[in-house]
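Each chain is listed here by its residues.
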Amino acid sequence: YKLTSSLEFTIEINPEDVSLEKVKQWKSVGINRYSLGVQSFHDSELVWMNRKHSAEDALSAISLLKEYGSTNISIDLIYGIPGSTLNSWEINVKKALSLNMPHISAYMLTIEPATSLFKKLEQNKLVELDEDIIISQFDYLIREFEQNGYEHYEISSFSAKGQRSKHNTSYWLGEDYVGVGPSAHSYSSESIFVRRWNVANNHKYIKAIEAGENY
């Protein structure tokens, strides 16, 4: 495919995925925006979430991406982590602001069914964070980013001026998009379908492509 100069080509990665070799490969195929799953700058919280990276790994990944990939980087953070406080969350927010990221997304921790965290919750081995603390963390997040010039353009997303995610924004504008890969969704306002999605199973998806069938 020929890529236009205005295309936003994002890859979602975790800090442990980033190496000089991979960054150069990503850049060579046209990737120009990186969404990095930092989640927290506290090692204790990363261990609790069973993440494979450390806070230092995240900082190193950001540095490597800036130097060899692109400065157009978005990082993800998580608030509402059991055991966290407003103070510990303030440290995360201030660290993120100090890195001058063009885009930051922050999500409240959600405990999904059929996960190890959900099982611990059922067994009373886990106590969810008090709702008032979660609200105070979210309020602080909004206040700090807006005071530092970020636009709160989605519930969970903040962007520097002119740095909104084109991908995210297209949903709100009702623009067409094509999803490629297992589970990928597509939307068209003009064709015979409005919304469709590919089969989620990797094996079935690959077999369908090889057989020239719809997937």
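Up top you'll find the structure we're talking about.
A brief structural summary.

What counts and what doesn't
Residues numbered from 1 in each chain as written. Predicted model: local features only at pLDDT ≥ 70, side-chain atom pairs only at ≥ 80, totals over all residues. Heavy atoms only, no water. Phe/Tyr/Trp six-rings, centres within 6.5 Å; stacked < 30°, edge-to-face > 60°. Helix = DSSP H or I, 4+ residues; strand = E, 2+ residues; numbered from the N terminus. Buried < 20%, exposed > 50% of the residue type's maximum accessible area, 1.4 Å probe, protein only. Pairing = 2+ DSSP bridges. Axes fitted to C-alpha atoms, helices over the stretch in contact; angles between N-to-C directions. Contact = heavy atoms within 4.5 Å.

For the rest of this paragraph, the subject is the packing of aromatic side chains. With the rule as written, the count across this model stands at seven aromatic pairs. Ring geometry for Tyr79 and Phe138: centres 5.7 Å apart, planes at 20°, overall stacked. Note that Tyr79 is positioned in strand β3 (residues 73-79) and Phe138 in helix α6 (residues 131-147), a separation of 59 residues in sequence. For Tyr79, a relative accessible area of 9% puts it in the buried group. Here the aromatic rings of Tyr171 and Tyr177 are separated by 5.0 Å at their centres, their planes lie at 70°, and the arrangement is edge-to-face. On the basis of relative accessibility, which here comes to 19%, the residue Tyr177 falls in the buried class. A network of ring pairs unites the aromatic residues Tyr79, Trp89 and Phe138 as a single cluster.

The strand order across the open sheet formed by five strands is β1-β2-β3-β4-β5, and the pairing between neighbours is mixed. Where the open sheet ends on each side, the last strands, each with one partner, are β1 (10-13) and β5 (157-159). Within the sheet, the average angular offset between the axes of one strand and its neighbour, ignoring direction, is 20°. The sheet contact formed by β1 and strand β2 (residues 33-39) spans four bridges and is parallel. Across the sheet, residue Glu12 finds its bridge partner in β2, namely Ser35. Against the sheet, helix α4 (residues 86-98) touches β3 and β4 (103-108), its axis set at about 175° to β3.

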